[in-house]
Each structure stands twice: as C-alpha cells, then as structure tokens.
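# Structural description and commentary
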Amino acid sequence: MTWRTVKQLADAARPEELFTGQWQNRPSVLDDYKPFLDDRWNEGCTNAWQLWEEIVPLGYKGSYQRVRAYLHKKRTSPRPVVARPPTSRTVAGWILRQPETLPKAEQLLLKAVRTHCPEIDALTRHVRAFAVMLTERQGERLPDWLAAVRHDDLPSLHTLAAGIDRDRDAVIAGLTLPWSSGAVEGHVNRIKMIKRQMYGRAGFNLLRKRVLLAS
C-alpha cells in the first residue's frame, strides 16, 4: 500500500469510510438479474448453479462465479429472526378446544392463522358450529351445516358431509335425542378385547363362554 492509502485507513472515523474506491458502486452485468434471483431465493431456490442456468436464457452473459458470489453474500448476511410457524397438530388442537378455554396468547395465534388462511378460517367456523350442535343437542341445524360446508372449498369436509348425508336421519337423531349408544359400544369393545386375547386360536364357542363368564 502507498502511504496515502495507509493514512486514509488510519484517519477513517466510521467503517463506511473504508469502503471507497474505484470498485465501489460499479455497474455489474448481474444487476439486471438480481430482482429475478431475489424472487427465486425467496421462493426457496438457493442453488447457485440452477439459478445461473435459469438466467442464461434470459440474456445473462456473465460467469457462474459472479452468481455464486452474489448468493454467498445472501447466505452469510444476517437474517431477520422470525417466529416458527405452529405445527398442524397445534393448530388442530386450538380449533378443537372450546374457545373460552384457550389462553389469550393462543387465541391471538389462532386469530393470526385464520387471518392468513381463509381455508382454516372456514374450517374453524364449521368445526365449532358442529361442536355446538353436538353438545347442545341441536340436530335440527344439521341440514344448514351441511349446506354451509358444501359452499366452501374444503374437500375433506365434503367427504365427511357426504358420509353424514347418507345417514342423515340417524345423525340428526343422535344429535337431538338424549339416548346414547355408549354402553353398547363399550360391550362391543370388551368382546373384541377378549377375542384378541385368544389370538384367533379358538372358535365362537370358547368366545361365548368367556363372555358369559366375564359377565
């Protein structure tokens, strides 16, 4: 270095004063393609060779090394700290729980998710409406609920609605009447457990005796 360069570096009061010279702010053949590279980078494509191959047909005449150097700066530059998005299981838990039992923080997070995703917003409304029908025995509202579900683009709920529609009268009765088949389901589950304990090695006669003796 010359003594003038050393003096300039020594007299610099701010780091920005060190970045001066003939190479600063010099136009680059890559400048016209940086917006494209930035968009592809934000989309998740970070492979320098692939991006170089994409901009060559667009008219880029520079080298691959220049593209790699530009992307290297993006890799090593500090990135803003962002909150990790909630998992699908976490969001499902927020939707399935009673709204009044959710802590304030989780209510705000669910509100943010619903704001950014219209499908989840519609799903939340339908799930909570069905929960009200189930807990308050409002089976007469089922036809309106099915119509509202079919109005939204939610294929998974459409499948559920189609299954409910095949047994609409039974489902309405289950959502309205005070009786429950829980006791019957409990007995069926107990019989299945006894059957599994025999590992399929005995026939119906032994199963019948075990069920009767257990009773």
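It should be noted that the structure appears before, not after, this text.
Residues numbered from 1 in each chain as written. Predicted model: local features only at pLDDT ≥ 70, side-chain atom pairs only at ≥ 80, totals over all residues. Heavy atoms only, no water.

Running from amino to carboxyl end, helix α5 (residues 88-96) crosses helix α7 (residues 118-136) at an angle of 40°, the nearest separation of the two axes being 9 Å. In this view, α5 runs oblique relative to α7, as classed from their interaxial angle. Of the residues in α7, those touching α5 at V91, W94, I95 and L96 are I120, L123, T124, V127 and R128. A breakdown of the residues in the contact of α5 with α7 according to their chemical character gives 7 nonpolar, 1 polar and 1 charged. (Axes fitted to C-alpha atoms, helices over the stretch in contact; angles between N-to-C directions. Helix = DSSP H or I, 4+ residues; strand = E, 2+ residues; numbered from the N terminus. Parallel < 35°, antiparallel > 145°, perpendicular 65-115°, else oblique. Contact = heavy atoms within 4.5 Å. Nonpolar A, V, L, I, M, F, W, Y, C, P; charged D, E, K, R; others polar.)

Let us now look at the packing of aromatic side chains. Counted under the stated rule, the structure contains 5 aromatic pairs. For the ring pair Y33 and Y60, a centre distance of 5.5 Å and an interplane angle of 75° mean the geometry is edge-to-face. You can see Y33 sitting in the loop between α1 (3-11) and α2 (34-42) and its partner Y60 sitting in the loop between α3 (48-55) and α4 (64-76), a full 27 residues away along the chain. For the pair shown, Y33 and Y60 are each scored as buried. Their ring planes at 50° and their centres at 4.9 Å tell us that W49 and W52 sit as a pair that is tilted. One end of the pair, W49, and the other, W52, are both in helix α3, 3 residues apart, so they sit about a helical turn from each other. Grouped by ring-pair contacts, the aromatic residues W49, W52 and Y64 constitute a single cluster. (Phe/Tyr/Trp six-rings, centres within 6.5 Å; stacked < 30°, edge-to-face > 60°. Buried < 20%, exposed > 50% of the residue type's maximum accessible area, 1.4 Å probe, protein only.)

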